[in-house]
Structures are given as C-alpha cells and as structure tokens.
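Below are the chains, spelled out letter by letter.
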Amino acid sequence: KSGRRASLIAFQEALEPEDLLAGLADRPDGARGELLDREALNEVDALVVDCDGLLWNIQEERIPGGLELDDFVASNVAILASLQKQQMRIVYFDSKAQRNRPTFLAKLAERGLQDPGLQGIVSPGITASWYLQQRGLHKPFVITSQAGFLQDVQSSGFSDCASSITLDGESIAAFSSSTSSAAAFQELTASLGAVDCVVLGPCNDVSPVEAAVAAAILAKEGPSAVLVVCCGTQPRRR
C-alpha cells in the first residue's frame, strides 16, 4: 500500500545477520544471496527469521568467524532487537513442532527479544491451520506425535479438531493399535464427528489404524478431499 518494494529475507543457519547486512550471505551449497546494503534494507517491509540454528539449536562448528556460541547468539539478538526498535516487521519461524506459540514466545523473551504479537510467530501447526481456513474447512483429523503441533492447530481456529493424541501428547489407545475389528473401526470413525479433512503432522510413524481412518475420511470427501502434509519422509510414505 505504501508503494515501497516488499521483500522477504530468510535468516537461516548459513545466512547470518552480519553477512546479510554486509551484503555477503554465503551458503553451504555455494549459492550467494541477493546483495543487500543498508539503503536497500530501508526498502524491506518484513523479515522472516528462521530461529532454528540462529537463536537456538545452533551447531557450533557452523558458527562463522570463530565466535563463541554465546557471542554468536548475542550478536544475532542485538541486530534483531535493533531492527525491532526501527519498527521493522519481523516474523519468527521455527520448523520444529515441539513448541506451541506460547512456548515459542517464551523462548524469544529468554533471548531478550520483544513479543512480536500473534502475527509475528509462524509454526507448522499455525501454517497448516491458515491453509485450512483458506480452503474453507472446519474440522480436521490431525495425526501427529507432537503436542505443540496439535495445540497450535486448536488455538488457531480449530478447537473442535479430532486427533490421534491428547493435548498432552499422549497416544489415544484406539489409534495406536495395530488392528481393529470392522465394528470397532466404524465406531471410531463415527466418534470423530463431521471431520472434513486430514492433517498429517510431524510424527515418527503412522499406525495402521491412523492410516485407515485417514483413508476413510479422504474417500468420503471424494475428489475435493484435502490432505495437508507437514511431516517427514517415513510417515509420508506410510
């Protein structure tokens, strides 16, 4: 709306703030990021910050310039805090689904960063919920082993969603079983209510019953069935 050029800049493990602001942005694969000087930074509307490897879960052997771990984190925090004071919109992202939004905010606060607000946090569960809302869906069946993922889905507009785990992350026995009689299976699917889509969230594996329930839901929805996948290769293959 302001007519300024909008840009999104991803801070990742090998794309550190110091390098980015200096216009270097080296990457392990040999590719180079777009050169960005301070004048160009003034035209940026938002920063998308991948916190994993930048603010936490840092591999010390990948820290540039021989910095100590604490110094590396402190330097990154100082740059981000400075940008926040300049009213730069910052969106923090973490692909790890163990943390729900409140836990994510608490970790940012531990690092000394301001609360970016509800729109300033992005996680797999929040992203999946946003997509479902865009598609006009109302009640997903969520398969996951991560309580944080389920909690974010529930708190992002799907409080009535069905899942194979509890909000505390405990597996529901009926879904973790390797077999189920036809009658028990029908009773289980009926107990989910008016489910209209399936979300395959972060998990170690998918049980036969979970897979069968998901398949039944998708078959019922027909050609318009929606399956949202936010997991690794093994459960995806299942």
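Here is what the cut-offs are and how they apply
Residues numbered from 1 in each chain as written. Predicted model: local features only at pLDDT ≥ 70, side-chain atom pairs only at ≥ 80, totals over all residues. Heavy atoms only, no water. Helix = DSSP H or I, 4+ residues; strand = E, 2+ residues; numbered from the N terminus. Buried < 20%, exposed > 50% of the residue type's maximum accessible area, 1.4 Å probe, protein only. Contact = heavy atoms within 4.5 Å. Areas by Shrake-Rupley, 256 points an atom, 1.4 Å probe, with all protein chains shown as cover. Phe/Tyr/Trp six-rings, centres within 6.5 Å; stacked < 30°, edge-to-face > 60°. Lys NZ or Arg CZ within 6 Å of the ring centre and 35° of its normal. Expected span 1.5 Å × (residues − 1). Pairing = 2+ DSSP bridges. Axes fitted to C-alpha atoms, helices over the stretch in contact; angles between N-to-C directions. Core = buried A, V, L, I, M, F, W, Y, C linked by side-chain atoms within 4.5 Å. Right-handed = clockwise from strand over helix to strand, strands pointing away.

Concerning the overall build of the protein
The secondary structure content of the protein amounts to ten helices and eight strands. In the protein, which comprises 238 residues, the share counted as buried stands at 42%. Look at the contacts in the protein between residues 6 or more apart in sequence, and 66% of them connect residues 24 or more apart. Of the roughly 12700 Å² of accessible surface on the protein, 51% is carried by carbon and sulfur atoms.

Section: the side chain of Arg101
With respect to the secondary-structure elements, Arg101 resides in helix α4 (residues 101–110). Those residues in contact with Arg101 that lie beyond four places of it in its chain are Leu118, Ile121, Ile126, Asp152 and Ser156.

What to know about the packing of aromatic side chains
A ring pair, where both rings are aromatic, is described by two values, the distance of the centres and the angle of the planes. Inspection of every chain in the model, using the stated rule, returns two aromatic pairs. Measuring from centroid to centroid gives 5.6 Å for Trp56 and Phe104, while their planes differ by 70 degrees, and the two rings are edge-to-face. Remark: Phe104 occurs in helix α4 and Trp56 occurs in the loop between β2 (46–50) and α3 (69–85); sequence separation between them is 48 residues. Accessibility assignment for this pair places Trp56 and Phe104 in one class, buried. Residue placement shows Lys107 over the ring face of Trp56; its charged tip is 4.9 Å from the ring centre.

Observations regarding α3
Each α-helix winds once per 3.6 residues, and so residues spaced three or four apart point in a common direction. A rise of 1.5 Å per residue sets the reference length of α3, with its 17 residues, at 24 Å; its end C-alpha atoms lie 24 Å apart and thus fit the reference within 8%. Considered for burial, the residues of α3 that qualify are Phe72, Val73, Asn76, Val77, Ile79, Leu80, Ala81, Leu83 and Gln84. Gln87 lies just past α3 and shows a positive phi near 70 degrees.

Section: the sheet that holds strand β6 (residues 162–163)
An order of β6-β5-β7-β8 is seen for the four strands of this open sheet, with the pairing classed as parallel. The open sheet has two edge strands, β6 and β8 (227–229), and neither has a second partner. Sheet strands in contact with helix α9 (residues 208–221) are β5 (140–143), β7 (197–200) and β8, and its direction is about 155 degrees off that of β5.

Things to note about the nonpolar core
Counting 24 residues, the largest nonpolar core has Leu55, Ile90, Tyr92, Leu108 and Leu113 as its most contacted members. With residues near it in sequence (within four places) discarded, Ile90 still touches Leu47, Val49, Leu80, Leu83, Gln84, Pro116 and Gly120. Core analysis: the second largest hydrophobic core is formed by 16 residues, Ala162, Val195, Val206 and Ala214 among them.

Here we look at the pairing of β7
Taking every second residue as pointing to the same face, both faces of β7 are buried, with Cys197 and Val199 on one and Val198 and Leu200 on the other. Two elements, β5 and β7, share four bridges in a ladder whose sense is parallel. Residue pairing in the sheet places Ile143 in a bridge with Leu200 of β7. With three bridges joining them, β7 and β8 adopt parallel strand pairing. Considered in β8, the bridge of Leu200 is made with Val229. Considered for its hand, the β-α-β crossover made up of β7, α9 and β8 is right-handed.

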